[in-house]
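Here are the chains, one letter per residue:
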Amino acid sequence: MQKDSLSKKNPSLCLGVVLIVLWALGYTGLATSLGSLEFVGIPLVTWTMIAIGVFSVIASIIMIPIQSRWEQRWGTEHRNVRGD
Amino acid sequence: MRLLELSIVVAYFILCLYIAFYFRKSAGRGEAAYWGADRSIGFFVNGVALFSTLVSTGSFLGFLGLAYRLGWSLTTVAFGVSSCVGFIISMLLVSGPLRRFSEIKGKFAMTSFFAERYNSATALVASILVLILFPAYIVPELMGAGLAGSYMLGIDFRYAVIMVGGVYVLYVLVGGMLSVTWTELMQGFLKFFLMVGLSITAIYHFGGISPLLKQATAVNPHYLTLNPKISLWTYMGISLGVFMFVLSSPHIIMRLFTSKNVNQGRASLSLTAGMSLVFHLLGYLGVAAAALIISPKLTEVDKTYIVVMDQLFSPFFRGMAMAAILAAIMSTTGAMLLACAAEFSNNIYRRYLNPKASEAQTIRLAKTVIGVIGVLTTILALFQTKSIGVIVGLLVEGTGSSFAVPLLAGIWWKRANAVGGFLSVTGGFVTFVIVHFSNVVPTFAEILISLPVSAACMVVGSLLTSPPSREKVELVTSLHRSISPIQPEQT
């Protein structure tokens, strides 16, 4: 039954959750004293958000073949669990 | 009247129509061709087309105006990064399962997923919302055409609106998704290079990035910093709205159905995210700063791009930039018009009015819908006066409030059922409207309340009623199972 779980070690879901958490954490910077810190005249919060954007694009490209393999493996395991 | 610029714009219109008539025959092969481009679009074309779908007049004129007035940090965080991360989350959590859904069920509209996953009532409400929100979105877009045409080409506001309205309706009507995709490829390139190109031109013109930003911050001290006049809730609300809109707007979802396969669809979203990030960060940085120096007391901030390109570009590039502005208008409106037609013909006409309708009948009706909505929105645009950025921003948030939760829950939560789906769509939208008109939170912060309400409706509605049927659960499972056989390892 465990193998039936969509979320079990699903790489896309893991990265998706990490990105959403990072993105939300970036906004907490706005509400704290971090919001007033600057680097070369631009707030650290803005730099942080830009870094999250760049990271998400790079990570997503790396994720394409990894997710594809997970789905193939999960699909096979799921058919076995159901006895197809 | 500026003849060279006008000639380039006319050439752009002719090219759009040529593409539409080139694909006329292919689009007429059936619904898979008309709505889904026969699932034949590779990652590069789809990626640029998706970018083009996102960058509307809102991005090209309206939000750039907000960068001029409220600061670059706001637009970078709210539009650049949020749209980028939204596309990546769509790539990770939505695109693969929905692409498989389209192949398994032969459907090409987001609300068809709601119909299969939840029930037809949920799909009907979602379709009605699309038919209300999208035409309301198209109106300010066309208004942008009037603004740009009258200012840059010296032609009457009304003629510019009618001209753009006529061309975009025609190419959507004739060529369907194939025509929309290939015109969007051209439009995407135009918009990307003419925004980023104008920014680089501005940086060069003012002696480098430091002198440019120094002069800009002398005019607006909050250009680079977080603007203290803007509520924290507004920052977060706009960002969340853009994020959810990118993730769940039906006209963007429709594009996911056109990709050749799941991996190409995912790669296209990574490309789109990268383009969106560069466009909003680098593009806005130079252009809005240059506008502050060139025209420090600009009251119609929607003209920020026009003011800068008018000053810094040669006549040839002014004509190209004008075509890019019109491309921004036509790409989004075209995709939205097609989505409206798909919703009405597939989820209202075929489901309720004529269940036995053939493919040819459905497409004929869709073309009528395209014509009617196109004409109505063009007429309404002639009388529109509000700021483009504000209207588009609110519609973006309304769309995200209604569709994001039921879409994600439908794909990832097997326990989500029809009651939860229905309550989530209606609860999210109704809450958004109530919060907006009661003024309990600052403008653009409405989604901070409506989205959690939509999620709560989904959870409570699903858990308090019986679980979905075995068929629905099996549908969810099939969305995550690779259809293609396992490739042998390369040695």
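For every chain, the first residue of the written sequence is number 1, and numbering continues from 1 onward in sequence order. The order in which chains are written sets their letters, starting at A; the order in which ligands are written sets their numbers, starting at 1. The predicted origin of the model limits local features to residues at a pLDDT of at least 70 and limits the giving and counting of side-chain atom pairs to 80 or more, whereas totals for whole chains, interfaces and linings rest on all residues.

## Some thoughts on the overall build of chain A
Point 1. A helix here means a DSSP run of H or I that spans at least four residues, while a strand means a run of E at least two residues long, and both kinds are numbered starting from the N terminus. Of regular secondary structure, chain A possesses two helices and two strands.
Point 2. In chain A, the succession of helices and strands from N to C terminus is α-β-β-α.
Point 3. Think of it this way: build a C-beta for each residue from its backbone, and any pair within 7 Å is a contact. At a minimum sequence separation of 6, the contacts of chain A that also span at least 24 residues come to 51%.

## Notes on the nonpolar core
Residue and element names in this part refer to chain B.
Point 1. In terms of nonpolar packing, the biggest core is built from 204 residues, with Val 164, Val 287 and Leu 326 touching the most fellow members.
Point 2. When residues of this core are assigned to their parent elements, the largest contribution, 24 residues, is made by helix H9 (residues 157–205).
Point 3. Residues within four places of Val 287 in sequence aside, it is in contact with Leu 64, Met 195, Leu 198, Ser 199, Ala 202, Thr 304, Tyr 305 and Val 308. Remark: nonpolar core denotes a set of buried Ala, Val, Leu, Ile, Met, Phe, Trp, Tyr and Cys residues whose joining runs through C-beta atoms within 7 Å. Three exposure classes are used. Buried residues have 20 or more other C-beta atoms within 10 Å of their own C-beta, exposed residues have 12 or fewer, and partly exposed residues fall in between, all C-beta atoms being placed from the backbone.

## Notes on unusual backbone geometry
Residue and element names in this part refer to chain B.
Point 1. We note that Asp 38 has phi near 60°; this positive angle belongs to a residue other than glycine.
Point 2. Along the chain, Asp 38 falls in the loop between helix H3 (31–36) and helix H4 (43–54).
Point 3. Among the residues examined, Asp 38 registers 17 C-beta atoms within 10 Å and is labelled partly exposed.
Point 4. Positive phi, normally seen in glycine, also occurs at Asn 439, with a value near 55°.
Point 5. Structurally, the position occupied by Asn 439 is in the loop between helix H18 (418–438) and helix H19 (447–463).

## Quick look at the interface of chain B and chain A
A common way to state how big an interface is: give the accessible area lost once the parts meet.
Point 1. Chain B puts 32 residues into the contact, and the matching count from chain A is 34 residues.
Point 2. Counting only elements with at least two residues in the side of chain B that touches chain A, the list comes to helix H6 (72–105), helix H11 (232–248) and helix H13 (262–294) of chain B.
Point 3. Ranked by residues supplied to the side of chain B that touches chain A, first place goes to H6(B) with twelve residues.
Point 4. Grouping the amino acids of the side of chain B that touches chain A by side-chain chemistry returns 20 nonpolar, ten polar and two charged. Each residue receives one of three labels: charged for Asp, Glu, Lys and Arg, nonpolar for Ala, Val, Leu, Ile, Met, Phe, Trp, Tyr, Cys and Pro, and polar for the others, Gly being one of them.

## Quick word on the environment of Ala11(B)
All names here are of chain B.
Point 1. Within the element layout of this structure, Ala 11 appears in helix H1 (residues 3–22).
Point 2. Residue class for Ala 11 comes out exposed when judged on the 12 C-beta atoms lying within 10 Å of it.
Point 3. In sequence terms Ala 11 and Ala 323 are 312 residues apart; their C-alpha atoms lie 9.1 Å from each other.

## Things to note about the packing of H1(B) against H9(B)
All names here are of chain B.
Point 1. Their axes nearest at 7 Å, the elements H1 and H9 cross at an angle of 95°. Taken together, H1 and H9 sit at an angle that is classed as roughly perpendicular. Of the residues in H9, those in contact with Phe 13, Leu 15, Cys 16, Leu 17, Ile 19, Ala 20 and Phe 21 of H1 are Val 167, Leu 170, Tyr 171, Val 174, Gly 175, Ser 179, Trp 182, Thr 183 and Met 186.
Point 2. Of the residues belonging to the contact of H1 with H9, the class tally is 13 nonpolar, three polar and no charged. Each axis is a line fitted through C-alpha atoms, taken for helices only over the stretch in contact, and angles between the N-to-C directions span 0 to 180 degrees. The cut-offs work like this: below 35 degrees is roughly parallel, past 145 is roughly antiparallel, 65 to 115 is roughly perpendicular, and the gaps in between are oblique.

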